[in-house]
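Given next are the chains, with one letter for each unit.
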Amino acid sequence: MAEPVPADEAAENAPVQPEGQAGPGSLAGPADEAELSEAVVALTGDDVPAKDRRRLLGRLVRLEIGERGVKDLFRPRKAIGWVTDSVTRVAPHIPVRDLETLRAHHPGLEGDALAERLIRNAARVTAGIGAAGGGVAAVEWVATPSLLSAPVLLAAETVAVVAVEMKLIGELHSVYGRPIPGSGSQRAMALVQAWAERRGINPLRVGGSVAAAMGTALRKELRDRLLKRFGRNLSTMGPFLTGAAVGGFLNRRATHSLGEEIRKDLRNTDQRVIEG
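The notes below deal with the structure included here. Note that the structure is a prediction, hence the values are computed from the model and not measured.

Calculation notes
- Residues numbered from 1 in each chain as written.
- Predicted model: local features only at pLDDT ≥ 70, side-chain atom pairs only at ≥ 80, totals over all residues.
- Heavy atoms only, no water.
- Helix = DSSP H or I, 4+ residues; strand = E, 2+ residues; numbered from the N terminus.
- Buried < 20%, exposed > 50% of the residue type's maximum accessible area, 1.4 Å probe, protein only.
- Contact = heavy atoms within 4.5 Å.
- Areas by Shrake-Rupley, 256 points an atom, 1.4 Å probe, with all protein chains shown as cover.
- Salt bridge = Lys/Arg side-chain N within 4 Å of Asp/Glu carboxyl O.
- Core = buried A, V, L, I, M, F, W, Y, C linked by side-chain atoms within 4.5 Å.
- Expected span 1.5 Å × (residues − 1).

1. Thoughts on the overall build of the chain
Thought 1: Per the secondary structure count, the chain includes 11 helices and zero strands.
Thought 2: The burial tally for the chain puts 48% of its 276 residues in the buried class.
Thought 3: Taking the contacts inside the chain whose residues are at least 6 apart along the sequence as the reference set, 77% of them involve residues at least 24 apart.
Thought 4: Total accessible area on the chain stands at roughly 12,900 Å², and carbon and sulfur atoms take up 57% of it.

2. Some remarks on the pattern of salt bridges
Where charged atoms from two side chains of opposite charge approach closely, those side chains can pair.
Thought 1: Here the structure, examined in full by the defined rule, presents 11 salt bridges.
Thought 2: For Asp-112, the salt bridge identified is with Arg-267, shortest N-O distance 3.5 Å. With a gap of 155 residues between them, Asp-112 in helix α6 (residues 111–142) and Arg-267 in helix α11 (residues 242–275) connect regions that are remote in the sequence.
Thought 3: With its nearest N and O atoms 3.0 Å apart, the salt bridge here joins Glu-260 to Arg-263. Taken together, the residues span about one helical turn, with Glu-260 and Arg-263 both in helix α11 at a distance of three residues.
Thought 4: Given the relative accessible area of 26%, Glu-260 is considered partly exposed.

3. Re the environment of Arg-77
Thought 1: Along the polypeptide, Arg-77 turns up in helix α4 (residues 76–90).
Thought 2: Overall, the relative accessible area of 70% leaves Arg-77 in the exposed class.

4. A look at the environment of Ala-127
Thought 1: As for its position among the elements, Ala-127 is in helix α6.
Thought 2: Exposure remark for Ala-127: the relative accessible area of 7% places this residue in the buried category.
Thought 3: In this structure the C-alpha to C-alpha distance between Ala-127 and Thr-255, which are 128 residues apart in sequence, comes to 8.7 Å.
Thought 4: Discounting residues that sit within four places of it in the chain, Ala-127 has contacts with Gly-248, Asn-251 and Arg-252.

5. Observations regarding the nonpolar core
Thought 1: Leu-60, Val-83, Met-166 and Trp-195 are the most contacted members of the largest nonpolar core, which has 62 residues in total.
Thought 2: Of all elements in the fold, only α2 (33–43), α3 (50–72), α4, α6, α7 (150–175), α8 (184–197), α10 (216–232) and α11 reach the threshold of two or more residues within this core.
Thought 3: Of all the elements, α7 adds the most residues to this core, at 16 residues.
Thought 4: For Met-166, the residues in contact, after removing those within four places along its chain, are Val-87, Ala-91, Ile-94, Leu-191, Val-192 and Trp-195.

6. As for α8
Thought 1: In a regular helix each residue adds 1.5 Å, so 14 residues correspond to 20 Å; α8 covers 20 Å between its end C-alpha atoms and thus fits that length.
Thought 2: Taken residue by residue, α8 has Ala-188, Met-189, Ala-190, Leu-191, Val-192, Gln-193, Ala-194, Trp-195 and Ala-196 as its buried positions.
Thought 3: In the segment just after α8, Arg-198 is the residue with positive phi, at about 55 degrees.

7. Thoughts on the side chain of Ser-37
Thought 1: The residue Ser-37 is located in helix α2 in this model.
Thought 2: In this view, Ser-37 contacts Arg-89, Val-90 and His-93; residues no more than four positions away in its chain are not counted.

And the structure:
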């Protein structure tokens with residue numbers, strides 16, 4: 001039997017109303033960008049309790065429904081469009097710590113040891129998001145009408161996990177003495193590009209307008225990468241608690257793999273500079 005859900009948490013994950021029959025408190029207009037960013041940034045924290053992760057994911061679900069409606073989120077292209085837009089909107093708000101702050105948070109660690117700790121912690125956070133997503137799904141499998149929000153939950157989890165991984169990319173650059181230059185929006189687009197390409201940021205490519213950075217080629221690359229992640233996260237929709245276990249494991253593995261790829265690229269770049 002599923003574990004009882006507190007009333008406040010149940011309210012965060014209330015059943016989705018069919019379009020044209022919105023219940024009280026449903027969102028009528030576009031999702032508020034500040035609220036979206038606040039929820040996603042909170043999910044990137046290292047020590048967020050499982051209950052709070054479920055509540056924050058439920059909050060993202062409501063924002064998604066308010067912005068797109070249920071029908072769009074059942075269409076893969078529409079759903080990926082929402083995820084892509086959300087990632088680019090959230091990116092400028094992701095809190096990337098500089099080297100001094102990282103050293104203060106992880107005393108005694110430097111270089112590779114510090115990078116390994118950051119990768120491990122980020123993998124643990126995304127595993128927690130996957131487990132929270134699976135837990136919310138388990139609650140919804142008990143109440144059949146709420147199944148309508150399953151693809152919405154999947155989109156919310158994808159946005160949150162990508163935000164954690166972009167934060168990791170930025171902090172790995174700090175560890176290896178390559179903090180990302182430019183304005184906030186320029187740094188954000190550099191993180192988006194690095195995540196899509198799974199490689200370190202070329203400082204010569206940071207700059208210009210956000211519109212130019214999110215050109216057709218990069219947007220397609222981002223959408224393709226997000227589509228793969230979105231499909232993999234379908235595992236969190238398993239019945240009862242199986243989705244929580246599988247989603248957590250796959251998120252942990254994917255984040256660890258990405259972190260190692262970025263770290264390897266940064267170290268190889270440093271070695272090329274030394275040899276040159």
